[in-house]
Amino acid sequence: MKFFIDTANLDQIKEAQALGILDGVTTNPSLMAKEGITGATNILQHYKDICKLVDGDVSAEVIATDFEGMVREGEALAALNPQIVVKLPMIADGVKACKYFSDKGIKTNMTLVFSAGQALLAAKAGATYMSPFIGRLDDISTDGLGLIAEIRLIYDNYGFDTQILAASVRHTMHIMDCAKIGADVMTGPLKAIKGLLKHPLTDIGLAKFLEDYKKGN
Ligand code: E4P
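Nothing here was measured: the structure is a model prediction, and the numbers come from that model.

Conventions and cut-offs
Residues numbered from 1 in each chain as written. Predicted model: local features only at pLDDT ≥ 70, side-chain atom pairs only at ≥ 80, totals over all residues. Heavy atoms only, no water. Helix = DSSP H or I, 4+ residues; strand = E, 2+ residues; numbered from the N terminus. Polar contact = N/O pair within 3.5 Å; in protein donor to acceptor, adjacent residues only side chain to side chain. Contact = heavy atoms within 4.5 Å. Patch = residues over 30% accessible without salt bridge, like charges linked within 9 Å, V, L, I, M, F, W, Y side chains within 5 Å. Areas by Shrake-Rupley, 256 points an atom, 1.4 Å probe, with all protein chains shown as cover. Salt bridge = Lys/Arg side-chain N within 4 Å of Asp/Glu carboxyl O. Buried < 20%, exposed > 50% of the residue type's maximum accessible area, 1.4 Å probe, protein only. Core = buried A, V, L, I, M, F, W, Y, C linked by side-chain atoms within 4.5 Å. Arc of directions from axis to C-beta. Near = heavy atom within 4 Å. Nonpolar A, V, L, I, M, F, W, Y, C, P; charged D, E, K, R; others polar. Axes fitted to C-alpha atoms, helices over the stretch in contact; angles between N-to-C directions. Parallel < 35°, antiparallel > 145°, perpendicular 65-115°, else oblique. Left-handed = near helix turned anticlockwise from the far one by under 90°.

Explain the side chain of Arg-152 residue by residue, including any values.
Relative to the helices and strands, Arg-152 resides in helix H8 (residues 144-158). Here the side chain of Arg-152 touches Gly-182 through a polar contact of 2.8 Å, landing on its backbone oxygen. With near-sequence residues (within four places) excluded, Arg-152 lies in contact with Ile-164, Ile-181, Gly-182 and Asp-184.

Before we move on, can you summarise a nonpolar patch on the surface with the specific residues and values?
Side chains of Met-173, Met-176 and Leu-196 sit close together on the surface and give an oily, nonpolar patch of about 250 Å² of accessible area. Summarising the element assignment, Met-176 is placed in helix H9 (residues 172-181). The class for Met-176 is partly exposed, based on a relative accessible area of 35%.

How would you explain the pattern of salt bridges if you had to name every residue and give the values?
Applying the stated criterion across every chain yields a total of 14 salt bridges. Close ionic contact of Lys-107 with Asp-57 constitutes a salt bridge, the shortest N to O distance being 2.7 Å. In this pair, Lys-107 sits in the loop between helix H5 (92-103) and strand S5 (108-113) while Asp-57 sits in strand S3 (residues 57-61), placing the two residues 50 residues apart along the sequence. Using a relative accessible area of 25% as the deciding quantity, one classes Lys-107 as partly exposed. Here Asp-212 ties to Lys-208 by a salt bridge, and the two come within 3.0 Å at their closest N and O atoms. Of this pair, Asp-212 and Lys-208 both sit in helix H11 (residues 200-216), four residues apart, which is roughly one turn of the helix. For Lys-208, a relative accessible area of 41% puts it in the partly exposed group. What emerges from the salt-bridge pattern is a single network uniting Lys-208, Glu-211, Asp-212 and Lys-215.

I'd like a description of the nonpolar core, backed by residues and values.
Formed by 57 residues in total, the largest nonpolar core has its most connected members in Ile-5, Val-25, Leu-88, Met-110, Met-130, Ile-151 and Tyr-155. If near-sequence neighbours (up to four positions away) are discounted, Ile-5 is found in contact with Gln-12, Ile-13, Ala-16, Leu-22, Gly-24, Val-25, Thr-26, Thr-187, Gly-188, Leu-190 and Ile-193. Counting residues in hydrophobic clusters, the runner-up holds five residues, among them Phe-4, Val-85, Tyr-129 and Val-185.

Lay out the environment of Gly-126 in plain terms, naming residues and giving numbers.
Along the chain, Gly-126 turns up in the loop between helix H6 (116-124) and strand S6 (129-132). Gly-126 sits 24 residues away from Ser-102 along the chain, and the two C-alpha atoms are 5.7 Å apart.

Give me H9: which residues, what numbers.
Of all the residues in H9, the buried ones are His-174, Ile-175 and Cys-178. Taken around the axis of H9, the buried residues stretch over an arc of 100°, which confines them to a single face. On the buried face of H9, the contacting elements are strand S1 (2-6), helix H7 (134-139), H8, strand S7 (163-166), strand S8 (185-188) and helix H10 (190-195). Positive backbone phi, approximately 105°, marks Gly-182, located one or two places after H9.

Give me the lowdown on the site of the ligand, citing residues and values where you can.
Every residue close to the ligand is listed here: Asp-6, Thr-26, Asn-28, Lys-87, Phe-133, Arg-136, Ala-167, Ser-168 and Arg-170. In the environment of the ligand, an oxygen atom lies 3.0 Å from a nitrogen or oxygen atom belonging to the side chain of Arg-170. When the ligand sits alone it has 340 Å² of accessible area, and the protein chains cover 86% of it. Classifying every residue of the shell around the ligand gives two nonpolar, three polar and four charged.

Please provide a residue-by-residue account of the packing of H8 against H9, values included.
Contact pair H8 / H9: the axes reach a minimum separation of 10 Å and the direction vectors enclose 20°. One way to sum up the angle between H8 and H9 is to call them roughly parallel. Viewed along their axes, H8 and H9 form a crossing whose handedness is right-handed. Counted together, Leu-145, Ile-148, Ala-149 and Arg-152 of H8 and His-174, Asp-177, Cys-178 and Ile-181 of H9 form the full contact between these two elements. Considered class by class, the residues forming the contact of H8 with H9 number five nonpolar, one polar and two charged.

Right under this line is the structure:
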């Protein structure tokens, strides 16, 4: 299972990378705005800075909502660094753009996926990644993890190569449940990733080992 961090915060990306478990980064326009990164030039520079910090894939989202605009923006993003994955919205022109980039060997991430039907279309268009937003579904009393399971079944039925990138992960249990279902990738906040570390018996056990070591030395 690949671990992506869902942020545009460079310090958090550095911290996750230093842990040695990071496979990539996902961003979106809201995450960029949260870090105060605005304007095309600054945004492009920020993607370059993120690519320098990590070894893996970095999703960079287009703003255009028409095919030509998405192609223009996506090509500019992809030219920044081979690590860039062009992130496209799950609308008709986004599917067309996904097919265009797939045919050119440029990596894609279909975003804002909320149904198995959308996931099927993303796979048919040759998406590298396809991002179902599980937290946002949970927010409206709909089973986000159930959607991951449904898509896993469909993709396995036909051997689609598109990777299920569980997005809008909100907490540590989301990560564990996605792992059990077989999501290929999860993207979430640093706090949720670090939550996997925690167990009181680890802390108690370590304190006891150190105490006993000190007694004998
Ligand atoms: C995915 O690529 C998105 O950036 C992200 O996971 C959205 O998460 P949110 O619902 O917490 O905003």
